[in-house]
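The lines below spell out each chain.
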Amino acid sequence: MVAVPGGVFGMGIDAQELGDAVRACVEEFREQLGTNACQRSVNNPNPPFSDAYTGAERRLVHVAAFEIDRFEVTTRQYRACAATGRCDPRPLVSGDLRYIRDEWPIVNVTWFDARDYCAFHGKRLPTEAEWEKAARGTSGARWPWGNFLRSDGANHGSIEAEEVSPPHPELPQPATDDADGAKLLVPPGTFRWGRSPYGAYDMAGNVSEWISDWYLQEGYDSLSPIDPKGPIAGTQSYRVVRGGSFFEPKFFGRTYYREAQDPQRRSIKRGFRCARDLVGEANPWATNSE
């Protein structure tokens, strides 16, 4: 695991970053989504921007010190837990078995599978605030390694070419992309230039990751700025997913990008990593009481 010190960081995106996000949307989605749909998000933010957009400035959030897995949990690690009877074996035998390789991240896991695995090891799923801080640090970077996309930073996917997509799709269709050197999944840590400021790998791409929090469409604004744990219930009972995957556009790998997923749903795109508390650092926002 890697240690993430306690302290304040800027969560979400501000108005300036929203502009860059829209430009990235236009560049990556224009063939199927349309330029106007991206540009409209500037004045009236809609997903994928509104959920992370916090206004003129990013929202300052304090997160207590914690540890987070350096790498995504692998199939080999999950298999060892399943052998004890403490983890559900279905991810190992369900779905497309081409993606079940010991050295690759475990996929086809529900939110509950991920929660149980972490608990077996005395850990837990990270909160949304913890995950974002571990991914971007305190500089507000849009990628774990900085503000500029690099081909050797993440295992990402793409948008299916318009000429091969189904006629009149409701949404752009995702596709794999070997331009980054990997067609499918890779062992965690393969993209060594993609590590976060604290030394966590693959927080952009490879597999998207389950987060402990319920998903709230309004984003973070209604939550406490001190160690937010998410709402007590979510929008349509979804859980938060972060980080993007090998089968999704590179845009999804931005450190602030949020997704909502049914916690019961299994997918070859989704895995997880665990976190745990790290005691011993004071909260500078706390007040002394007699």
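Above: the structure in question.
Bear in mind the structure is a predicted one, so any value in this text is a computation, not a measurement.

Let's shift gears to the overall build of the chain. What the chain contains, in helices and strands, is six helices and 11 strands. Expressed as a percentage of its 290 residues, the buried residues of the chain come to 53%. Accessible surface, the chain as shown: approximately 13400 Å² in total, 49% of it carbon and sulfur.

Attention now goes to the sheet that holds strand β4 (residues 66–68). Strand order in this open sheet of three strands is β1-β4-β11, and the pairing throughout is antiparallel. Each edge of the sheet is formed by a strand with only one pairing partner; in this case those strands are β1 (2–4) and β11 (275–277). Here the strands of the sheet are splayed against their neighbours by 25 degrees on average, with no regard to which way each runs. Across the face of the sheet, helix α6 (residues 128–136) comes into contact with β1, β4 and β11 while running at roughly 70 degrees to β4.

Moving on, we come to the packing of aromatic side chains. For the structure on display, the rule yields nine aromatic pairs. Pairing Y99 with F246 gives two aromatic rings, centres 5.7 Å apart and planes at 40 degrees, and the pair type is tilted. Here Y99 is found in the loop between α4 (90–93) and α5 (111–120), whereas its partner F246 is found in the loop between β8 (239–242) and β9 (258–261), with 147 residues between them in sequence. For Y99, a relative accessible area of 6% corresponds to the buried category.

This brings us to the sheet that holds strand β7 (residues 208–214). Strand order in this open sheet of four strands is β9-β8-β7-β10, and the pairing throughout is mixed. Two strands lie at the open edges of the sheet, namely β9 and β10 (270–271), each paired on one side alone. As judged from the four bridges shared by β8 and β9, these two strands associate in the antiparallel manner. Bridged to V240 within β9 is A260.

Take the state of the cysteines next. Simply put, the disulfide is a covalent bond whose two ends are the sulfur atoms of two cysteines. Using the criterion set out here, one finds two disulfides in the structure. Two residues, C81 and C87, share a disulfide whose sulfurs are 1.9 Å apart. The S-S bond linking C81 to C87 shows a torsion near 75 degrees; that makes this disulfide right-handed. We classify C81 as buried; its relative accessible area is 1%.

Turning our eyes to something else, we now look at the pattern of salt bridges. Applying the stated rule across the entire model yields 23 salt bridges. In this structure, E28 engages K250 in a salt bridge whose closest nitrogen and oxygen atoms are separated by 3.9 Å. Pair noted here: E28 is in helix α1 (residues 15–29) and K250 is in the loop between β8 and β9, with a separation of 222 residues, a long-range link. Overall, the relative accessible area of 15% leaves E28 in the buried class. Linking R258 and E128 is a salt bridge whose minimum nitrogen-to-oxygen distance equals 2.5 Å. Linking R258 in strand β9 with E128 in helix α6, this pair joins segments that are 130 residues apart in sequence. Judged by relative accessible area, which is 3%, E128 ranks as buried.

We now examine the packing of helix α3 (residues 75–83) against α5. In the contact formed by α3 and α5, the axes pass within 11 Å of each other and the chain directions differ by 75 degrees. In this view, α3 runs roughly perpendicular relative to α5, as classed from their interaxial angle. Counted together, Q77, Y78 and C81 of α3 and D113, Y117 and F120 of α5 form the full contact between these two elements. Here the residues of the contact of α3 with α5 are counted per class, giving four nonpolar, one polar and one charged.

Now for unusual backbone geometry. Despite not being glycine, N206 shows a phi value in the positive range, around 70 degrees. Mapped onto the elements of the fold, N206 is located in the loop between β6 (174–175) and β7. Assessed through its relative accessible area of 0%, N206 is described here as buried. At D227, a position not held by glycine, the phi torsion is positive, near 45 degrees.

Thresholds, definitions, all that
- Residues numbered from 1 in each chain as written.
- Predicted model: local features only at pLDDT ≥ 70, side-chain atom pairs only at ≥ 80, totals over all residues.
- Heavy atoms only, no water.
- Helix = DSSP H or I, 4+ residues; strand = E, 2+ residues; numbered from the N terminus.
- Buried < 20%, exposed > 50% of the residue type's maximum accessible area, 1.4 Å probe, protein only.
- Areas by Shrake-Rupley, 256 points an atom, 1.4 Å probe, with all protein chains shown as cover.
- Pairing = 2+ DSSP bridges.
- Axes fitted to C-alpha atoms, helices over the stretch in contact; angles between N-to-C directions.
- Contact = heavy atoms within 4.5 Å.
- Phe/Tyr/Trp six-rings, centres within 6.5 Å; stacked < 30°, edge-to-face > 60°.
- Disulfide = S-S within 2.5 Å.
- Salt bridge = Lys/Arg side-chain N within 4 Å of Asp/Glu carboxyl O.
- Parallel < 35°, antiparallel > 145°, perpendicular 65-115°, else oblique.
- Nonpolar A, V, L, I, M, F, W, Y, C, P; charged D, E, K, R; others polar.

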